[in-house]
Amino acid sequence: MIKAGDLNCAGTLECLDAWLDGELSPADSAAVARHLETCAGCSGVLANRLSLRERLRRVGRSAEPAPELAQRIHSRLGVDDSPNRTRRGFLAAAAMVLMSVGTYAAWKSGHLRMTPAAREDYIASILPEVAPVMRIGLQQHVHCAVFRSYPAQAPGEEELARDLGPYYAGLVRVMQTHVPGGFRVVMAHRCGYKERPYVHVVAKRGSDLISLLITRRADGEAFDGTSVYSSGVSRFSIAGFETPEHLIYLVSDLDQGANAAVFETMTASLKTGVG
Amino acid sequence: MAKPVPAASKRLFLKANARAEFEAEAMPHLDDLFRTALRMTGDRARADDAVQETYLQAWKSFGQFEKGTNCRAWLFRILFYCVNHQRRKLFRFPLVGDAEEILESTPSGPEPVTEALRDEQILGALDSLPPDYRAAVVLVDVEEFGYKEAAEILGIPIGTVMSRLSRARRKLRERLAETAKSYGIGNRGERKGGRGD
């Protein structure tokens, strides 16, 4: 046993965990560090404990909730709709009757309605949960499709297609053909986020949204080999694939399996439609 | 909103805004809450219930949540309240002494070689700790809360967090060393009792 500084091995080992937790005073922390620098035995123990902790953190974090849990919580919050529940029943019922269709739609889709800064914070909070290449699709879905109110009456297919320009006009039909029953294309346009331009088609059913997003591929942006890459965060499911020139995404409130399945059926038409 | 809306709609809209704010603050922590509930209850269905209950309770008291403070810690505090409540309901008897004696162990135990252990073995050892001790390890080692935050979440003094944590970690190392041994894997740095003070 090598004695170093003002801490011996026993003293060091006693506070090694607290040191790893960053909970020692600066003086004690420095004493532990000094001892560790010169004591091979204690450094060995440190390496072991560190690796146990890493394993523990990793396996402890491996469990994920079922994708429906977020949706269930979301709908239960809607039923139980009040932080201060005074006279809630009557007021809520009265308000429901008074609300115009437009306000109701805004309210339903407004569960993520926030100030622009809060929106950016929200986007920044979920992006790290998915791979960088998936963020490109997710960010624009949340930025452009989720944070938006839609007119009660969607424009006709032709009008929507016109907004896309001749090259991408066919996407409206492709989207409408492949989305699950009840979804209707409500928006199709070109948009941008953080200097990246997108072609964006949105379908909606109630408060559920599906975005089809196409953007030009930059150097180094690629999915990992698989033909369709799928992932999810919060209530969003994301699927993506690449062509030589483009990255194409489907981002939605569907569960991940359904989202990927819809995307799979779309890919054939998209591959021929977009170079 | 551009068009004027009836007062009642406006009120509801404000509520919807509050809920939007709540969800934006609280929903990003869903995964963390779920896996912690799972470790504490040992059962996905019960973890689901506890997490749903946590969000409902949090939403009801969102008015009292101080903006800018640690939302994650606040949610964890509610989660542990819900888990304990569920536990009491389930067993219908007070939780008797979380078996301090189970955790009696030698002051300087073995240091297991974790590389050789499988994930299930590590989880198994964690799950075998008494709940109050497991809670300390889950909060500090897995969820990376500080001692002070963990104490607030569990509603116990910081000294209690520290002693539970140190006993729990020692027990964990002992269990894992035993497991490793039974697989014929050596323990590194098994110290020979020398406490040089």
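Residues numbered from 1 in each chain as written. Chains lettered and ligands numbered in written order. Predicted model: local features only at pLDDT ≥ 70, side-chain atom pairs only at ≥ 80, totals over all residues. Heavy atoms only, no water.

1. Quick word on the overall build of chain B
Okay, so step 1: Helices and strands together make up the secondary structure of chain B, namely 8 helices and 0 strands.
Okay, so step 2: Counting helices and strands in the order they occur from the N terminus, chain B gives α-α-α-α-α-α-α-α.
Okay, so step 3: Counting only contacts in chain B whose residues sit at least 6 apart along the sequence, the fraction spanning at least 24 positions is 74%. (Helix = DSSP H or I, 4+ residues; strand = E, 2+ residues; numbered from the N terminus. Contact = heavy atoms within 4.5 Å.)

2. Some words on the side chain of E111 of chain B
Okay, so step 1: For E111 of chain B, the location among the structural elements is in the loop between helix 4 (71-91) and helix 5 (119-127).
Okay, so step 2: Within the local environment of E111 of chain B, its side chain forms a polar contact with the side chain of R49 of chain A, the two groups lying 2.7 Å apart. (Polar contact = N/O pair within 3.5 Å; in protein donor to acceptor, adjacent residues only side chain to side chain.)

3. Brief notes about the sheet that holds strand 6 (residues 246-252) of chain A
Residue and element names in this part refer to chain A.
Okay, so step 1: One open sheet holds the 6 strands; their spatial order is 1-2-3-6-5-4, and the pairing between them is antiparallel. Looking along the sheet, the strands with just one partner apiece sit at the ends: strand 1 (184-193) and strand 4 (229-233). Strand-to-strand twist in this sheet, taken as the mean axis angle between neighbours without regard to direction, amounts to 20°.
Okay, so step 2: Where strand 2 (residues 196-205) meets strand 3 (residues 208-216), 7 bridges bridge the pair, whose relative direction is antiparallel. Among the inter-strand pairings, H200 is bridged to a residue of strand 3, identified as L213.
Okay, so step 3: With respect to the sheet, helix 9 (residues 132-146) is in contact with strand 1, strand 2, strand 3, strand 4, strand 5 (236-242) and strand 6, its orientation differing from that of strand 6 by roughly 55°. (Pairing = 2+ DSSP bridges. Axes fitted to C-alpha atoms, helices over the stretch in contact; angles between N-to-C directions.)

4. Side note on the nonpolar core
Okay, so step 1: Ranked by internal contacts, the top residues of the largest apolar core, which has 63 residues, are F22, V51, Y55 and W74 of chain B.
Okay, so step 2: Leave out the neighbours within four places in its chain, and Y55 of chain B touches I73 and L77 of chain A together with F22, A26, M27, H29, L30 and L33 of chain B.
Okay, so step 3: The next biggest cluster of nonpolar side chains, apart from the first, holds 32 residues, and it includes F147, Y193, F223 and L247 of chain A. (Core = buried A, V, L, I, M, F, W, Y, C linked by side-chain atoms within 4.5 Å. Buried < 20%, exposed > 50% of the residue type's maximum accessible area, 1.4 Å probe, protein only.)

5. What about the environment of G159 of chain B?
Okay, so step 1: Mapped onto the fold, G159 of chain B is located in helix 8 (residues 158-182).
Okay, so step 2: A C-alpha to C-alpha distance of 8.8 Å links G159 of chain B and Y147 of chain B, two positions 12 residues apart in sequence.

6. Digging into the confidence of the model for chain B
All names here are of chain B.
Okay, so step 1: Per-residue confidence for chain B gives a mean pLDDT of 80, with 75% of residues at or over 70.
Okay, so step 2: Long-range and interchain partners of residues 93-102, a stretch whose pLDDT sits below 50, account for 12 contacts in this model, where long-range means more than four residues apart.
Okay, so step 3: Counting contacts from residues 189-197, a segment whose pLDDT is below 50, to residues more than four positions away or on other chains yields 18 contacts.
Okay, so step 4: Across the whole predicted complex the pTM is 0.54, and at the interface the ipTM reaches 0.79. (pLDDT = per-residue confidence, 0-100.)

7. As for the packing of helix 7 (residues 147-154) of chain B against helix 8 of chain B
Residues and elements named next belong to chain B.
Okay, so step 1: Look at helix 7 against helix 8: their axes get within 9 Å of each other, and the N-to-C directions meet at 100°. On the basis of the axis angle, helix 7 is roughly perpendicular to helix 8. Along its contact with helix 7, which presents Y147, K148, A150 and A151, the element helix 8 presents I158, V161, M162, L165 and R169.
Okay, so step 2: Class assignment of the residues belonging to the contact of helix 7 with helix 8 gives a composition of 7 nonpolar, no polar and 2 charged. (Parallel < 35°, antiparallel > 145°, perpendicular 65-115°, else oblique. Nonpolar A, V, L, I, M, F, W, Y, C, P; charged D, E, K, R; others polar.)

8. Looking at the packing of aromatic side chains
Residue and element names in this part refer to chain B.
Okay, so step 1: A complete count under the given rule lists 9 aromatic pairs over all chains for this structure.
Okay, so step 2: On the numbers, 6.4 Å between centres and 80° between planes, the contact of F22 with Y55 is edge-to-face. Residue F22 is found in helix 1 (residues 7-26), and its partner Y55 is found in helix 3 (residues 44-60); the two are separated by 33 residues along the sequence.
Okay, so step 3: You can call F22 buried: its relative accessible area is 0%.
Okay, so step 4: Given a relative accessible area of 0%, Y55 falls into the buried group. (Phe/Tyr/Trp six-rings, centres within 6.5 Å; stacked < 30°, edge-to-face > 60°.)

9. Remarks on the pairing of strand 4 of chain A
All names here are of chain A.
Okay, so step 1: Relative to strand 5, strand 4 runs antiparallel, the two being bridged by 5 bridges. Across the sheet, V233 pairs through a bridge with F236, a residue of strand 5.
Okay, so step 2: What sits between strand 4 and strand 5 in their antiparallel hairpin is a turn of 2 residues, with S234 showing a positive phi close to 50°.

10. Observations regarding the confidence of the model for chain A
Residue and element names in this part refer to chain A.
Okay, so step 1: Residues with a pLDDT of 70 or more make up 79% of chain A, whose mean pLDDT is 77.
Okay, so step 2: Mean pLDDT across the elements of chain A ranges from a minimum in helix 7 (residues 101-109), with 34, to a maximum in strand 3, with 91.
Okay, so step 3: In the predicted structure, residues 1-5 sits below a pLDDT of 50 and forms 11 contacts with residues beyond four places in sequence or in another chain.
Okay, so step 4: Confidence drops under pLDDT 50 across residues 81-113; counting only partners more than four residues distant or on other chains, this segment forms 55 contacts.

11. Looking at the side chain of R55 of chain A
Okay, so step 1: Turning to its location among the elements, R55 of chain A is positioned in helix 4 (residues 40-60).
Okay, so step 2: Beyond its immediate stretch of four places on either side in the chain, R55 of chain A contacts G60 of chain A together with T114, E115, L117, R118, D119 and I122 of chain B.

12. Some words on the environment of G137 of chain A
Residues and elements named next belong to chain A.
Okay, so step 1: Looking at the secondary structure, you find G137 in helix 9.
Okay, so step 2: Spatially, the C-alpha atom of G137 lies 7.6 Å from that of I238, the residues being 101 residues apart in sequence.
Okay, so step 3: With sequence-adjacent residues up to four places away left out, G137 is seen in contact with L213, Y249 and V251.

13. Observations regarding the environment of P180 of chain A
Residue and element names in this part refer to chain A.
Okay, so step 1: The topology assignment puts P180 in the loop between helix 11 (170-178) and strand 1.
Okay, so step 2: Residue P180 is classed as partly exposed on the basis of its relative accessible area of 25%.
Okay, so step 3: C-alpha separation for the pair P180 and L254, spaced 74 residues apart in sequence, amounts to 9.6 Å.

14. Points about the state of the cysteines
The term disulfide refers to a covalent linkage connecting the sulfur atoms of a pair of cysteines.
Okay, so step 1: Counted according to the given criterion, the structure contains 0 disulfides over all chains.
Okay, so step 2: Note on C42 of chain A: no disulfide assigned, nearest cysteine sulfur contributed by C39 of chain A at a separation of 3.7 Å. (Disulfide = S-S within 2.5 Å.)

15. Some points on unusual backbone geometry
Residue and element names in this part refer to chain A.
Okay, so step 1: One non-glycine residue, K194, adopts positive backbone phi at about 45°.
Okay, so step 2: Note that K194 resides in the loop between strand 1 and strand 2.
Okay, so step 3: Taking the relative accessible area as the measure of exposure, K194 reaches 62% and is therefore exposed.
Okay, so step 4: Residue E195 is not a glycine yet carries a positive backbone phi of 65°.
Okay, so step 5: Structurally, E195 can be placed in the loop between strand 1 and strand 2.

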